[in-house]
Amino acid sequence: MGVICTSQIPARNTPPRQRLPGWLVAALLPLGLLCQSVSAAPTAQSQSFYGHSAWVYDTLRAPGQPRSINRGHFIQDILRFNRGAEQAHQIRSLYVYHGSMEMYCPNNRPAACRAEHLKLSLATPARGQPSSASHYRRGLAENNIASVAIIDGVTNGDYAGSLKGMDDLSPEMARRFADTVSDQLCADPNIDGVQFDLEPLNLNRRNGQYYFYQRIAERFAGEAGQCRSDSHPKGRYFSVFAPVHALNPESASAALLSEILGRHGNGYLIAPIYDLDSAPLGELTPPARYQTLAHRQIKSLNDWATQAGVPFKVGIPAAASVHEYVRCEGPPCKGRGAPGNQLDYVRPLLAAMDQVWMRDNPLFMGNVIWAWSRGISHGGASFHPDRPTPEMQRYLQQHL
């Protein structure tokens, strides 16, 4: 048995489509991942799952300046990008910062946690005001661009409200946490999906994170609660932001991640192909070294995702990261001959994808552009560019 299929996002000058073996077709058909029409206009419901995306951050983040939020700040930028892009390279969904998950267990003891200690803190400036995710969904509704809420959290932090101890939550409390999160997010009809960036990802031994994500998949599929509605008849989609090694077949997480994302067919992985070097924050990764690291990561991602049956997107550094940048300002900065252009990172990354035929992998859901931001700062340093330059955008409009 064989079926000729391709991913929804065809590349320019990529190798011919592959004839998939029967075992892979059988594994992927239940997930609804095969034979998506490239020419058919995707609905808002499907766009949060398929097609290219971009991260947008409306909050001003600059050392020495007060933080402020301008919701929907990049709407016109996204519209201009799509007007100049070929259809296959347009942005179909936006990942918009929305809030953070927090824990306030008595004495920081997970065993003492109750539902009221597990919080979802939203970034909306004032109660009752629409979120940034809502602004993008409404402002881009006529263009059929989906809005995906980013929810983050740190599981190894020592500050009040961090998710330290989440891995040790009981299955019951982890599921209660998922209920709290899903109830709040699904109450907003302008949220088409959610990206969970809970770092570091840890699913070993079916711990708290495992039961949290398991319940999220169930709730987002609409089997309980309000995630399935007239505006979202198939429920909501979700992604897990995690490094490529989360799919390493020698790790315990690969099979568990495959189970979580595939059980209801509504989950996928976002793998960032940046900050690949283990050097300290602010130390530049030279483009030549990045090219070697990125090719290794792309090949592993393509192979391991296929082996695990996990659909995925690829995060590309079209703006600065803490290791791949054009300019860094602040005490932590240790550039080793900074590149003249952020394209020195993006070109070899997209070339590596073509070299391993990633775009013909039916599990490949598209790229995610990092990022349109009002400032990228970490550890007392600011990194530039904080959004794709005009030259970068022209390149992506033809090669994304």
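I will try to describe carefully the structure that is included in this document. Nothing here was measured: the structure is a model prediction, and the numbers come from that model.

## Description of the side chain of Asp-197
Here Asp-197 lies in strand S7 (residues 193-199). Accessibility expressed as a relative area gives 15% for Asp-197, which makes it buried. The contacts of Asp-197, once residues within four sequence positions are left out, are Ile-151, Asp-152, Gly-153 and Phe-241.

## Quick look at the pairing of strand S14 (residues 381-384)
Two faces belong to every sheet, and in a regular strand the side chains alternate between them. The two faces of S14 match: Ala-381 and Phe-383 on one face and Ser-382 and His-384 on the other face are all buried. Here strand S11 (residues 327-329) pairs with S14 via three bridges, running antiparallel. For Cys-328, the partnering residue across the bridge sits in S14 and is Phe-383. Taken together, the three bridges between strand S13 (residues 376-378) and S14 define a ladder with antiparallel strand orientation. Residue pairing in the sheet places Ile-376 in a bridge with Phe-383 of S14. Hairpin connection, S13 to S14: the antiparallel pair is bridged by two residues, and Gly-379 has positive phi, about 60 degrees.

## Regarding the packing of aromatic side chains
Under the definition given, this model contains 18 aromatic pairs. Residues Phe-81 and Trp-372 carry aromatic rings whose centres are separated by 5.9 Å and whose planes lie at 80 degrees to one another, so their mutual orientation is edge-to-face. Taken together, the residues Phe-81 in helix H3 (residues 75-84) and Trp-372 in strand S12 (residues 364-374) connect sequence positions 291 residues apart. This pair shows no difference in class: Phe-81 is buried, exactly as Trp-372 is. Here Phe-196 and Tyr-213 contribute two aromatic rings whose centre-to-centre distance is 5.9 Å and whose plane-to-plane angle is 80 degrees, an arrangement assigned as edge-to-face. Linking Phe-196 in strand S7 with Tyr-213 in helix H6 (residues 208-220), this pair joins segments that are 17 residues apart in sequence. Grouping residues by exposure puts Phe-196 and Tyr-213 together as buried. The cationic tip of Arg-347 hangs over the ring face of Tyr-395; the distance from NZ or CZ to the ring centre is 5.4 Å.

## Overview of the sheet that holds S13
Read from one edge of the open sheet, three strands run S11-S14-S13, paired in antiparallel fashion. The open sheet has two edge strands with one neighbour each: S11 and S13. Along the sheet, successive strands turn relative to each other by an average axial angle of 25 degrees, direction set aside.

## Considerations on the nonpolar core
One finds Trp-55, Met-101, Phe-196, Phe-212 and Leu-396 to be the most contacted residues of the largest nonpolar core, which totals 114 residues. Residues within four places of Leu-396 in sequence aside, it is in contact with Phe-81, His-89, Ile-316, Ala-318, Val-346, Leu-350 and Ile-369.

## Notes on helix H10 (residues 390-399)
Those residues of H10 lying buried are Met-392, Gln-393, Tyr-395, Leu-396 and Gln-397. Close packing links the buried residues of H10 with H3, strand S10 (312-317), helix H9 (343-355) and S12.

## Remarks on the environment of Ala-351
If you trace the backbone, Ala-351 turns up in helix H9. Relative accessible area serves as the criterion here: at 30%, Ala-351 is assigned to the partly exposed category. Along the sequence, Ala-351 and His-399 sit 48 residues apart, while their C-alpha atoms lie 9.8 Å from each other.

## Topic: the packing of helix H8 (residues 287-308) against H9
In the contact formed by H8 and H9, the axes pass within 9 Å of each other and the chain directions differ by 30 degrees. Considering their axes alone, H8 and H9 lie roughly parallel with respect to each other. Remark: the crossing between H8 and H9 carries right-handed chirality. Residue-level inspection shows Pro-287, Tyr-290, Gln-291, Ala-294, His-295 and Ile-298 of H8 in contact with H9, the latter providing Asp-344, Tyr-345, Pro-348, Leu-349, Ala-352, Met-353 and Gln-355. Taken together, the residues of the contact of H8 with H9 sort by class into nine nonpolar, three polar and one charged.

Procedures and definitions
Residues numbered from 1 in each chain as written. Predicted model: local features only at pLDDT ≥ 70, side-chain atom pairs only at ≥ 80, totals over all residues. Heavy atoms only, no water. Helix = DSSP H or I, 4+ residues; strand = E, 2+ residues; numbered from the N terminus. Buried < 20%, exposed > 50% of the residue type's maximum accessible area, 1.4 Å probe, protein only. Contact = heavy atoms within 4.5 Å. Pairing = 2+ DSSP bridges. Phe/Tyr/Trp six-rings, centres within 6.5 Å; stacked < 30°, edge-to-face > 60°. Lys NZ or Arg CZ within 6 Å of the ring centre and 35° of its normal. Axes fitted to C-alpha atoms, helices over the stretch in contact; angles between N-to-C directions. Core = buried A, V, L, I, M, F, W, Y, C linked by side-chain atoms within 4.5 Å. Parallel < 35°, antiparallel > 145°, perpendicular 65-115°, else oblique. Left-handed = near helix turned anticlockwise from the far one by under 90°. Nonpolar A, V, L, I, M, F, W, Y, C, P; charged D, E, K, R; others polar.

Any link to function would need more than the numbers given here.
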